[in-house]
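Overview (structure and organization)
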Amino acid sequence: MKKENHRIAFISSSPRHSAQLVFGLAFVIFLFTLFSFALSHKPSELSPIWFPTAIMMAAFYRFHTVLWPAIALAGIAGIIGATSLYSPSISPLYPLTNVTEALIGALLMRRWLVREDPLKDLHDWSKMAIASALIPPLLGGMLIGSLAPGGTGWQTLLVWVFSEATGALALVPLGLLLDAQFFKRYRQRPRELIPFLLTAAMTLILSLLSMLYLPWPFTCIMVLLMWSAVRQRRCEAFLIFLI
């Protein structure tokens, strides 16, 4: 128990704060679920991305276990609410699988990572990737794939694993690095926010121009992201990557 408390990041100070946290989390999951559907419903060569599981996984990792039931309910409500806009009938199996994956990933990261600096070296990054983007998607994909009709089980497994793993690698590192000190630093020294905003704006504009006018746009975008990573701290760099 002492080891678990050492890793706990936040515990709500009041019932009102708990309610605000849960409703805010449900709203964020609702928006990212809509965004995931918007990406998957557009014809593209890119694999679909599923973000809600990664958001719940980071929340389970960072918040006290007494809030876990409320976090799970917020995640299920956000996923079902967004999915109902695309499909009138939704099986509860999918959001329940997402919650289970998020719990497994959070428990593994709590077991393997150190609370103070969870991503301090390459070894920790490898453990984070295995705990969030490998084991939970494989378990969830095998469950969903085994229930897929006809001979689509293997295809369902691959799509599920790639979409969950991509979402986890995009959001879980940011969820682990983002903390109260991030907001406190910019609130106390707002001038430090200017270089971050300028770097984010330049990266976004130049990436859009690369997509429109260059023959190998992703090569240029990779260079831009490496430039952003060198100029910014880890948390700020992942915010730019997400944008």
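Below: a short report on this structure. (Residues numbered from 1 in each chain as written. Predicted model: local features only at pLDDT ≥ 70, side-chain atom pairs only at ≥ 80, totals over all residues. Heavy atoms only, no water.)

**Details of the overall build of the chain**
The test is simple: In this text, helices come from DSSP runs of H or I with a minimum length of four residues, and strands from runs of E with a minimum of two, each type numbered from the N-terminal end. Each radius of gyration is computed over the set of C-alpha atoms, and the globule rule expresses the reference value as 2.2 Å times the number of residues to the power 0.38. Relative accessibility thresholds used throughout: buried, under 20% of the residue-type maximum; exposed, over 50%; partly exposed, between the two (1.4 Å probe, protein chains only). Here, two residues are considered to be in contact whenever any of their heavy atoms come within 4.5 Å of each other. Charge counting treats Lys and Arg as positive and Asp and Glu as negative, with His and both chain ends excluded. Throughout, a charge is located at the NZ atom of Lys, the CZ atom of Arg, the CG atom of Asp or the CD atom of Glu.
Across its full length, the chain holds twelve helices and zero strands. Each helix and strand of the chain, ordered N terminal to C terminal, gives the series α-α-α-α-α-α-α-α-α-α-α-α. For 243 residues, the compact-globule estimate of 2.2 N^0.38 gives 18 Å, and the C-alpha radius of gyration of the chain, at 19 Å, lies within 12% of that figure. When its C-alpha atoms are laid out on the principal axes, the chain stretches across 50 × 50 × 35 Å. Scored against the burial criterion, the 243 residues of the chain give a buried share of 41%. Taking the contacts inside the chain whose residues are at least 6 apart along the sequence as the reference set, 71% of them involve residues at least 24 apart. Distance between charge centroids for the chain: 8 Å, based on 19 positive and 11 negative side chains.

**Description of a nonpolar patch on the surface**
Spelled out, the test is: What goes into a patch is any residue over 30% in relative accessible area without a salt bridge, connected to like charges within 9 Å or, for nonpolar side chains (Val, Leu, Ile, Met, Phe, Trp, Tyr), within 5 Å. Using a 1.4 Å probe, accessible areas were evaluated by the Shrake-Rupley method; residue-level cover was limited to the displayed protein chains. Put simply, a salt bridge is a Lys or Arg side-chain nitrogen that is within 4 Å of an Asp or Glu carboxyl oxygen.
Among the surface-exposed residues, M202, I205, L206, L209, M211, L212, Y213, F218 and W227 lie close enough to one another that they form a single nonpolar patch of about 950 Å² accessible area. Looking at the nonpolar patch, the elements with two or more residues in it are α10 (193–213) and α11 (217–231). Per-element tally for the nonpolar patch: the top contributor is α10, with seven residues. Relative to the helices and strands, W227 is located in helix α11.

**A short note on the side chain of T53**
Checked against the element boundaries, T53 lands in helix α3 (residues 52–62). Sequence-distant contacts of T53, defined by excluding residues within four places in its chain, comprise N98, E101, A102 and E164.

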